[in-house]
Structures are given as structure tokens and as C-alpha cells.
Amino acid sequence: MLVPENLIQLLRRDQALDVHFPVAPDMVLQGQITELGTRAQNANTFPVTVLLNDTHPNLRVSMTAEVDFLVDAVGRTGFSGPGIRIPVSAISPDMGQGAFVFVYDEASGTVRKRTVQTEAIFNNTVYLSSGLNNGEIIAVAGVAHMHDGQQVTLQDNMVQVFN
């Protein structure tokens, strides 16, 4: 896989990572970074090799994998530690200087407004230090027209995972 130049220096060899597979959404395997490229390839991205620590009978060669890169960085509030990244379209301004997202509640089919702490914005991606947990589904379109407790329907079952 290829990692942008602004993130490659934040990764380290032997770093443990969660690896997800779109073909099997409930399967999460542990992986480990075994190689970090030293020369950029496409559009200033560097190759990174992740080795799975385990296997699964449903996996085949060349299947798509999604890797959770949790990096330690210092944000605008001085936060240092792993963060969550989401598309900038998911963020709404709150009263004052805050921000919020709408989190989907599968049980009730509604969205709930939740305050989040933004740390940085890069290439239409916002990095959060708190307010959201890995695996939660958030609204990424039409958020300006949503309200707390609104009934919603997911567009499809292929929810895109950003983090």
C-alpha cells in the first residue's frame, strides 16, 4: 500500500495495526508493519508493507484490505496520541468554536448530534482527538439539513470506513 508523505514519518516498523476486509465486514485481523519505503513512488506516496499475524479461510490473494493507521501526532489543542480521521463534509460548526458530527444509531434508525474535538485538517480529512469511537457510523452528506434525533436510512449496506 502507499502512504502520503505527510504520514510516512509518523509510522514505525513493527507497529501493530487492525486490518479489515470489505468482503467480510465482521472480520478484523491484526497486522504489523514490516517495511517502510524510503523513496516516493506515485504522487509523493511511499510504499508500506503490512504482514498479517493470522490468516482466515475466506481470504484470497489480492483481496482488498483496509488498514487502520493510528498515528501519534500533536494537534492544535496540544493533544498528542492516536486520533480518528473523518471526511471534512461530516463536520458541522457548533455554537462558539466547537464542532459536531451526526452519529448513526442502528437500533433506532436515527442520528444523534455529538460534539467532537478537531485537531487538524488535511486534504479534506479532519483528525479528531475525542468524541467519536472507531467503527461508529457518521453522516457524511447532508449534515447541514439534519437535526438531533432525525430518522434516517442508510443509502446502502456498503458503508465506507474512513478510520
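Our subject is the structure that appears above.
Given the structure is predicted, the values throughout are model-derived calculations rather than measurements. The residue numbering used here restarts from 1 in each chain and proceeds along that chain's sequence as written. This being a predicted model, a pLDDT of at least 70 is required before a residue's local features are given, and a value of 80 or more before pairs of side-chain atoms are given or counted; all residues contribute to the totals for chains, interfaces and linings. Water and hydrogen atoms play no part in the side-chain values, which are based on all heavy atoms of the structure.

Caption draft 1: Inspection of the packing of aromatic side chains at higher detail. The pairing test for Phe, Tyr and Trp rings, Trp by its six-membered ring, is centres within 6.5 Å, and the orientation test on the planes gives stacked under 30 degrees, edge-to-face over 60, and tilted for anything in between. All told, the structure shown has one aromatic pair when counted by the stated rule. Relative to Phe-102, the ring of Phe-100 has its centre 5.4 Å away and its plane inclined at 90°; by these criteria the two rings are edge-to-face. Here Phe-100 and Phe-102 have matching classes, each one buried. Criterion for a charge above a ring: Lys NZ or Arg CZ within 6 Å of the ring centre, and within 35 degrees of the ring normal. Sitting over the ring of Phe-100, Lys-113 keeps its end group 4.3 Å from the ring centre. For the exposure calls, accessible area comes from a 1.4 Å probe over protein chains only, and a residue counts as buried if that area is under 20% of its type's maximum, exposed if over 50%, partly exposed in between.

Caption draft 2: How the structure looks around the sheet that holds strand E12 (residues 125-130). The pairing criterion for strands is at least two bridges between them, as found by DSSP. Counting from the N terminus, the helices are DSSP H or I runs at least four residues long and the strands are E runs at least two residues long. Read across the sheet, five strands follow the order E8-E12-E11-E10-E9 without closing on themselves; strand pairing throughout is antiparallel. One side of each edge strand has no neighbouring strand; the edge strands of this open sheet are strand E8 (84-87) and strand E9 (92-93). In terms of strand pairing, strand E10 (residues 99-105) meets strand E11 (residues 110-122) through seven bridges, oriented antiparallel. Each bridged residue has a counterpart across the sheet, and for Phe-100 the counterpart in E11 is Thr-115.

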